[in-house]
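# A structural walkthrough
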Amino acid sequence: MTELAIDTTALRRTYRARGGRRVGVEGLDLRVPVGGVHGFLGPNGSGKTTTIRMLLGLVRAESGSMRIFGHEVPDELPDVIGRVGAIVESPKFFPTFTGWRNLELLAAGIGTPKARVGEVLDATGLGDRGKDRYKGYSLGMKQRLAIAATLLKSPDLLIFDEPTNGLDPAGIHEIRQTMRRLADEGRTVLVSSHILAEVEQIADTVSIIGAGRLLAEGPVTDVIGDSGITAVRVGVPDPESAAAVLSGDGLRVRPDGPYLRVRGVDDPARITELLAHRGIYVHELVPERADLESVFLELTSATSLAQPPRGRRGRHAPAEPVEPAAEVS
Ligand SMILES: Nc1ncnc2c1ncn2[C@@H]1O[C@H](COP(=O)(O)OP(=O)(O)OP(=O)(O)O)[C@@H](O)[C@H]1O
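Residues numbered from 1 in each chain as written. Predicted model: local features only at pLDDT ≥ 70, side-chain atom pairs only at ≥ 80, totals over all residues.

### A closer look at the overall build of the protein chain
The secondary structure content of the protein chain amounts to 12 helices and 14 strands. A total of 329 residues make up the protein chain; the buried ones form 36% of that total. Put simply, of all contacts in the protein chain between residues at least 6 apart along the chain, 71% involve residues at least 24 apart. (Helix = DSSP H or I, 4+ residues; strand = E, 2+ residues; numbered from the N terminus. Buried ≥ 20, exposed ≤ 12 C-beta atoms within 10 Å, placed from the backbone. Contact = placed C-beta atoms within 7 Å.)

### A closer look at helix H6 (residues 169-184)
With 16 residues, H6 extends 22 Å between its outermost C-alpha atoms, agreeing within 8% with the 22 Å of an ideal straight helix rising 1.5 Å per residue. All of the buried residues in H6 are Glu174, Ile175, Thr178, Met179, Leu182 and Ala183. Contacts from the buried residues of H6 go to strand E3 (36-41), helix H5 (139-151), strand E7 (157-161) and strand E8 (188-193). Just downstream of H6 lies glycine 186, where phi reads positive at about 105°. (Expected span 1.5 Å × (residues − 1).)

### Brief notes about the sheet that holds strand E6 (residues 84-87)
The strand order E6-E7-E8-E3-E9-E10 describes an open sheet built from six strands, whose pairing is mixed. In this open sheet, the two strands that pair with only one neighbour each are E6 and strand E10 (213-219). In this sheet, adjacent strand axes meet at a mean angle of 15° when their direction is disregarded. The pairing of E7 with E8 spans five bridges and is parallel. Among the inter-strand pairings, aspartate 161 is bridged to a residue of E8, identified as serine 192. (Pairing = 2+ DSSP bridges. Axes fitted to C-alpha atoms, helices over the stretch in contact; angles between N-to-C directions.)

### Some thoughts on unusual backbone geometry
Residues valine 73 and proline 74 are joined by a peptide bond in cis, for which omega reads 10°. For proline 74, the position within the fold is in the loop between strand E5 (71-73) and helix H2 (77-80). Unlike most non-glycine residues, phenylalanine 69 shows phi in positive territory, near 45°. Its place among the elements puts phenylalanine 69 in the loop between strand E4 (63-68) and E5. The phi angle at glutamate 162 is positive, at roughly 45°, despite the residue not being glycine. Tracing the backbone shows glutamate 162 in the loop between E7 and H6.

### Considering the packing of helix H3 (residues 99-109) against H5
Two quantities define a packed helix pair, namely the angle between the helix axes and the distance between the axes. Remark: H3 packs on H5, axes separated minimally by 10 Å, with the N-to-C direction vectors making an angle of 30°. Taken together, the axes of H3 and H5 lie roughly parallel to each other. As H3 runs across H5, the sense of the crossing is right-handed. In this structure, H3 contributes Gly99, Asn102, Leu103 and Leu106 to the contact, and H5 contributes Leu145, Ala148 and Ala149. Class assignment of the residues belonging to the contact of H3 with H5 gives a composition of five nonpolar, two polar and no charged. (Parallel < 35°, antiparallel > 145°, perpendicular 65-115°, else oblique. Left-handed = near helix turned anticlockwise from the far one by under 90°. Nonpolar A, V, L, I, M, F, W, Y, C, P; charged D, E, K, R; others polar.)

### So, the domain arrangement of the protein chain
It is common to give the size of an interface as the accessible area lost on bringing the parts into contact. You can read the domains of the protein chain as domain 1 (4-224 + 294-305) and domain 2 (229-289). One C-alpha centre belongs to domain 1, the other to domain 2, and the line joining them spans 43 Å. (Domains from an automatic or database assignment.)

### Re the packing of helix H9 (residues 239-248) against helix H10 (residues 269-277)
It is the contact of H9 with H10, at a shortest axis distance of 10 Å, that shows an interaxial angle of 115°. Classified by the interaxial angle, the pair formed by H9 and H10 is roughly perpendicular. Helix-helix and strand crossings are classified by hand; for H9 and H10 the assignment is right-handed. Seen from H9, the contacting residues are Ala242, Val245 and Leu246; seen from H10, they are Ile271, Leu274 and Leu275. Partitioning the contact of H9 with H10 into residue classes produces six nonpolar, no polar and no charged.

Quick look at the structure:
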């Protein structure tokens with residue numbers, strides 16, 4: 001059985017809202033394996049921050065259970081929190097102090113030897129900028145300094161809530177590289193995001209949530225699907241007749257401009273074969289590979305929220321629609 005860094009069962013947290021309760025997290029089962037980068041994905045308001053805050057003991061769960069490295073949270077959190085580093089909000093640093101000095105102060109505060117400061121600056125790619133003042137850092141460098149601060153106590157688990165918010169592409173790239181490097185050192189990195197493209201490139205495993213519930217989980221490749229082919233774009237002289245032929249064979253077909261988009265086919269050659277038998281000749285056949293973005297959009301769209309369960313690991317998991325709660329003004 002895979003060793004788990006984070007394990008939650010039927011986790012629930014709601015918030016008071018006008019006209020009732022607003023769902024933060026509703027029956028969430030989250031499993032983060034030890035080692036590697038785990039993308040915790042969901043649209044805005046899907047419950048990522050609420051989950052992270054509950055794991056860190058900052059928000060109380062109404063029901064359900066949570067474990068970090070097998071320790072019950074929140075009861076046994078003091079036993080394991082030393083192994084956890086987290087950035088939930090932007091940490092405050094002294095603007096006129098150097099990055100190095102800021103970290104020295106933090107290290108002294110938690111009883112970490114000063115020698116560790118140089119190591120964590122190197123680990124986050126700030127080795128040659130440590131002697132520069134914090135206020136002169138780019139946003140990406142500021143975020144890397146925040147990561148460096150979490151590394152001072154050498155945590156086994158790092159939790160980053162939307163660490164690339166507000167960064168430009170270069171900054172995003174730097175953070176991505178840093179997270180990958182940390183995972184390659186044997187740490188577990190949980191990174192929440194609603195930007196799929198950046199997570200897809202570095203995550204080993206993902207959990208996708210919507211409306212506080214798990215929609216899919218597993219290795220990125222499994223979540224995307226083994227074949228990777230989600231649809232085939234087909235160009236034919238007579239799309240209407242071709243659609244009838246393909247639908248008749250159980251394929252899902254819909255018009256897409258002058259083309260047809262066909263789903264439910266593992267081997268695109270099947271399309272050519274079916275159509276050729278009816279004297280319809282294909283002039284274009286383009287398999288379109290799924291990416292996490294399209295899986296995510298499909299899973300988190302309102303219609304798929306209402307779809308029935310399809311299983312667990314590497315599959316799409318149960319999801320039920322949740323009544324929207326009124327906003328509090
Ligand atoms: N303190 C709070 N009071 C009331 N409602 C809250 C509070 N915190 C979160 N919520 C609500 O709970 C739901 C989940 O919010 P949460 O911040 O956990 O989502 P998220 O996935 O982290 O979103 P984002 O990507 O926008 O940060 C949202 O509907 C949000 O409005």
